[in-house]
Amino acid sequence: MHRVFWGAARVVNIYATVCFIRIILSWFPGALYTRFGQLLSAVCDPYLNLFRPIRWLHVGAVDFSPMLAIGALSALATILQGIAQTGRIYFGGILALLISLVWSVIFALALLLLIVLVIRFVALLFGRNSQYYGSIWSQLDGALSPLVFRMTRIFPRRFALNYRGALIGAIGMLTVILLAGRFTVDMLVYWVSLLPV
């Protein structure tokens, strides 16, 4: 049984690598229309398409569902390796791994949003306004402003925030969410991993 689980873990790791190569190829125009690209698409797309309908993984034109797909394969490989090493299935360990996987995706998306908000705020400080329709700043502001103002609704109405103030508020909120979330998930993973078999 030990060898079967090790072998299954290796197969899953190889498949995850193949899926990763297929994802990278999609960044190069025309690469998926080659014979190699079509082979990779035939092998990987049925699996990757399972995650594409998840709406919260789409931020504008960017699709983060492949990140979750690769993470799920990595989690499966880790579970199989754990079973191969111990000969047992630990419910707490599997649950802790799944919680870590979900948090990793949420953390990556929130961190990316935080970086974009900080870049936009710094650009505003240096006078990069979205005064020209169609500029990258106007497009970015069009995508960010609804989200930023929705995030800062928790502030009392007497603090009427302009766009710059809403950016500061959103940056602060995301920073707190990331720090508090990391602490909470670490504690939750620790306690869940202690669950019996």
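Everything numeric in this text was worked out from a predicted model, so none of it was measured.

Analysis parameters
Residues numbered from 1 in each chain as written. Predicted model: local features only at pLDDT ≥ 70, side-chain atom pairs only at ≥ 80, totals over all residues. Heavy atoms only, no water. Phe/Tyr/Trp six-rings, centres within 6.5 Å; stacked < 30°, edge-to-face > 60°. Buried < 20%, exposed > 50% of the residue type's maximum accessible area, 1.4 Å probe, protein only. Helix = DSSP H or I, 4+ residues; strand = E, 2+ residues; numbered from the N terminus. Contact = heavy atoms within 4.5 Å. pLDDT = per-residue confidence, 0-100. Salt bridge = Lys/Arg side-chain N within 4 Å of Asp/Glu carboxyl O.

(A) Highlighting the packing of aromatic side chains. If you walk through the whole model with that rule in mind, you get five aromatic pairs. A centroid spacing of 5.3 Å and a plane angle of 70 degrees characterise the contact between Tyr47 and Phe51, whose relative ring orientation is edge-to-face. Grouping residues by exposure puts Tyr47 and Phe51 together as buried. Taking 5.8 Å as the distance between ring centres and 50 degrees as the angle between the ring planes, the aromatic pair formed by Trp103 and Phe107 counts as tilted. Placement of both Trp103 and Phe107 in helix α4 (residues 91-125) is noted, with a separation of four residues, approximately one turn of the helix. Judged by its relative accessible area of 9%, Trp103 falls in the buried class. Classification of Phe107 by relative accessible area gives partly exposed; the value is 27%.

(B) Fine view of the side chain of Ser65. Looking at the element boundaries, Ser65 is found in helix α3 (residues 65-86). Discounting residues that sit within four places of it in the chain, Ser65 has contacts with Phe51, Arg52 and Leu57.

(C) Layout of the confidence of the model for the chain. Confidence in the prediction for the chain averages 82 pLDDT; 89% of positions are at 70 or higher. Element-level pLDDT for the chain is lowest in strand β1 (residues 58-59), with a mean of 70, against a maximum mean of 92 in helix α2 (residues 35-48).

(D) Seen up close, the pattern of salt bridges. All told, the structure shown has two salt bridges when counted by the stated rule. With a closest N to O distance of 2.6 Å, Asp45 and Arg22 form a salt bridge. Of this pair, Asp45 sits in helix α2 while Arg22 sits in helix α1 (residues 2-25), and the two are 23 residues apart along the sequence. For Asp186, the salt bridge is made with Arg182, and the minimal N-O distance between the two is 2.9 Å. You can see Asp186 and its partner Arg182 sitting in helix α6 (residues 163-193), four residues apart, about one turn around the helix. Among the residues examined, Asp186 registers a relative accessible area of 40% and is labelled partly exposed.

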